[in-house]
Amino acid sequence: MKTRWGVLGSGGIARRRTIPEGIMAADNADLVAVFDVNAEANAEVAQETGAATCASEEELLATDCDIIYIATPANLHCGQVARAAAAGKHVLCEKPLGMTVEEGEQILAACRENRVKLGTGLMMRFHAQHQAALALIRDGRIGTPVYGRAQLSCWYPPIPGAWRQDPALSGGGSLMDMGGHCIDLLEMFFGPAKKVSCMTGNLVHSYPSEDTAVVVLEFENGAKGCVDNLFNVPDASSKNRLELYGSKGSILADGTIGQGEIGQMTAFLDAGDKGYAAQQERSEDGGMAIAPAPVNMYRAEVEAFAQAVLDDTDPPVDGKIGLWSQKVLAACYESASTCQTICLERGCCK
Ligand SMILES: NC(=O)c1ccc[n+]([C@@H]2O[C@H](COP(=O)([O-])OP(=O)(O)OC[C@H]3O[C@@H](n4cnc5c(N)ncnc54)[C@H](O)[C@@H]3O)[C@@H](O)[C@H]2O)c1
């Protein structure tokens, strides 16, 4: 059985990744219709995929699709999710769920009231190497988690009209755009954040959104973390590092954070490689390559959400995770503006 998908905002990441690699490739999804205010891009996507072209959001919501995937600028998410939910559609919404915690709460309420499911596009959780690292951590292989770092940075020069460069349209810059993924991953590995301290700035670019953000975190289990997101370094200079340290070892990766299926990940474990079943190789420095079969994150994200709709179960990356992410990001911005460490209220999204 297949779910029927409509796409709102077909011209950006939807066109580059989520439609071709996710919805079109998924075993349990069919693309039915697309709408984008950029009519030319929308028509091209429709032609590439065989989906129906809609001339408005209303027309899209009037189709017989079950699920709407929303991939528009962040300032539009809240109203669009509410209207899709009111039309009885389940919603997979790109991160960030909304612009603020309040918008995130409104989005969850709209989906709850209309009894539709809500998913958040934090697809990096599905990366095969991240899942392999999570299995090692859950098996106690790095011992007591003590410190994690997640980095996602790029070169993002001023572009006239770019919505990410205007906080009124994006809710923030490099932190809002990329930090949400990094913090979410560290929380997947180590559990919920408890305290955050953050510094932001505009060091290179003159647009109003921050081009520099560094977050220090403490997790509920006491482990510490650091997240760094820059819009102002050359693409090749950032290896998008993931570093996870514990009392019995570490897991170190380059390039697993991002949109691709494969990076380099190595575990350095006290107890050797016993018990780790996936393909593995010993490197010269004694590390163990973590190289499970690659998984396309967009396909995994779409299939997981579609399956939750078909089975009437909770999506694995649901609205609560998206709202919590919003809350942690808001605390980071509060910290940056007040020069204070901010404590997060435990369980506030449950
Ligand atoms: N998970 C990921 O890998 C990933 C990657 C990039 C972006 N994103 C998220 O996806 C969302 C979109 O980002 P993007 O990079 O694709 O942006 P983008 O600007 O490249 O694309 C957004 C699209 O939305 C369209 N649009 C604008 N207003 C619209 C409206 N009212 N109705 C319908 N369409 C409208 C635009 O014409 C454009 O085609 C953001 O929330 C962003 O954070 C996620």
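Residues numbered from 1 in each chain as written. Predicted model: local features only at pLDDT ≥ 70, side-chain atom pairs only at ≥ 80, totals over all residues.

### Side note on the nonpolar core
Counting 99 residues, the largest nonpolar core has Val81, Val91 and Cys332 as its most contacted members. When residues in this core are grouped by element, the largest group, ten residues, is from helix 10 (residues 319–338). When residues of this core are assigned to domains, at least three fall in each of domain 1 (3–123 + 299–316) and domain 2 (127–295 + 330–337). Dropping the residues within four chain positions of it, Val91 is found in contact with Ile68, Ile70, Val81, Ala84, Ala85, Cys111, Val116 and Leu118. (Core = buried A, V, L, I, M, F, W, Y, C linked by C-beta atoms within 7 Å. Buried ≥ 20, exposed ≤ 12 C-beta atoms within 10 Å, placed from the backbone. Helix = DSSP H or I, 4+ residues; strand = E, 2+ residues; numbered from the N terminus. Domains from an automatic or database assignment. Contact = placed C-beta atoms within 7 Å.)

### Details of the pairing of strand 7 (residues 145–151)
Here strand 7 runs beside strand 11 (residues 241–246); their pairing, made up of five bridges, is antiparallel. Bridge pairing in strand 11 links Ala150 to Leu242. Relative to strand 10 (residues 224–230), strand 7 runs parallel, the two being bridged by five bridges. Directly across from Gln151, in strand 10, lies its bridge partner Asp228. (Pairing = 2+ DSSP bridges.)

### Here we look at the packing of helix 1 (residues 13–23) against helix 9 (residues 297–311)
Contact geometry for helix 1 and helix 9: axes closest at 7 Å, N-to-C directions at 65°. When the interaxial angle is binned, helix 1 and helix 9 end up roughly perpendicular. As helix 1 runs across helix 9, the sense of the crossing is right-handed. Contacts from Arg17, Thr18, Glu21, Gly22 and Ile23 in helix 1 reach Tyr298, Arg299, Glu301 and Val302 in helix 9. (Axes fitted to C-alpha atoms, helices over the stretch in contact; angles between N-to-C directions. Parallel < 35°, antiparallel > 145°, perpendicular 65-115°, else oblique. Left-handed = near helix turned anticlockwise from the far one by under 90°.)

### Looking at helix 9
For helix 9, spanning 15 residues, the distance from its first C-alpha to its last is 21 Å, which sits close to the expected 21 Å at 1.5 Å a residue. Burial in helix 9 covers these residues: Met297, Tyr298, Arg299, Ala300, Glu301, Val302, Glu303, Phe305, Ala306, Ala308 and Val309. Next to the buried residues of helix 9 lie strand 1 (3–8), helix 1, strand 2 (29–35), strand 4 (67–70), strand 5 (90–93) and strand 6 (118–120). With its phi angle positive at about 55°, Asp312 sits one or two positions after the end of helix 9. (Expected span 1.5 Å × (residues − 1).)

### A short note on the domain arrangement of the protein chain
The domains assigned to the protein chain are domain 1 (3–123 + 299–316) and domain 2 (127–295 + 330–337). Between the C-alpha centres of domain 1 and domain 2 there is a distance of 26 Å. Contacts between domain 1 and domain 2 engage eleven residues on the former and twelve residues on the latter. Taken together, the residues of the side of domain 1 that touches domain 2 break down into seven nonpolar, two polar and two charged. (Nonpolar A, V, L, I, M, F, W, Y, C, P; charged D, E, K, R; others polar.)

### Some details on the packing of helix 6 (residues 128–138) against helix 8 (residues 174–190)
Between helix 6 and helix 8, whose axes approach to 9 Å, the crossing angle comes to 30°. Contacts from His130, Ala133, Leu134 and Ile137 in helix 6 reach Leu185, Met188 and Phe189 in helix 8. Its residues assigned to classes, the contact of helix 6 with helix 8 comprises six nonpolar, one polar and no charged.

### Things to note about the pairing of strand 13 (residues 264–269)
Two strands pair when backbone bridges link them, and strand 12 (residues 249–254) and strand 13 are joined in this way by six bridges, in the antiparallel orientation. Following the sheet pairing, Ile251 is matched in strand 13 by Ala267. As paired strands, strand 13 and strand 14 (residues 288–289) are joined by two bridges and run antiparallel to one another. Within strand 14, the residue paired with Thr266 across the bridge is Ala289.

### Notes on the site of the ligand
In the vicinity of the ligand there are 23 residues, among which Gly9, Gly11, Gly12, Ile13 and Glu94 approach most closely. Here the shell around the ligand is composed, by residue class, of eleven nonpolar, seven polar and five charged. Residues lining the shell around the ligand come from more than one domain, with at least three contributed by each of domain 1 (3–123 + 299–316) and domain 2 (127–295 + 330–337). (Near = placed C-beta within 6 Å.)

### Examining the sheet that holds strand 9 (residues 212–219)
Strand order in the open sheet made by the nine strands is 14-13-12-11-7-10-9-8-15, with mixed pairing throughout. Of all strands in the sheet, those bounded by a partner on one side alone are strand 14 and strand 15 (342–343). Helix 10 rests against strand 8 (193–201), strand 9 and strand 15 of the sheet, and its axis sits at about 50° to strand 8.

### Quick word on unusual backbone geometry
For the bond running from Lys95 to Pro96, omega is -20°, close enough to zero to count as cis. Mapped onto the secondary structure, Pro96 falls in the loop between strand 5 and helix 5 (101–113). Non-glycine residue Asn240 carries a positive phi angle of around 50°. For Asn240, the location among the structural elements is in the loop between strand 10 and strand 11. The class of Asn240 is buried, set by 20 C-beta atoms lying within 10 Å. Of note, Asp312 is a non-glycine position whose phi angle comes to about 55°, a positive value. Relative to the elements of secondary structure, Asp312 occurs in the loop between helix 9 and helix 10.

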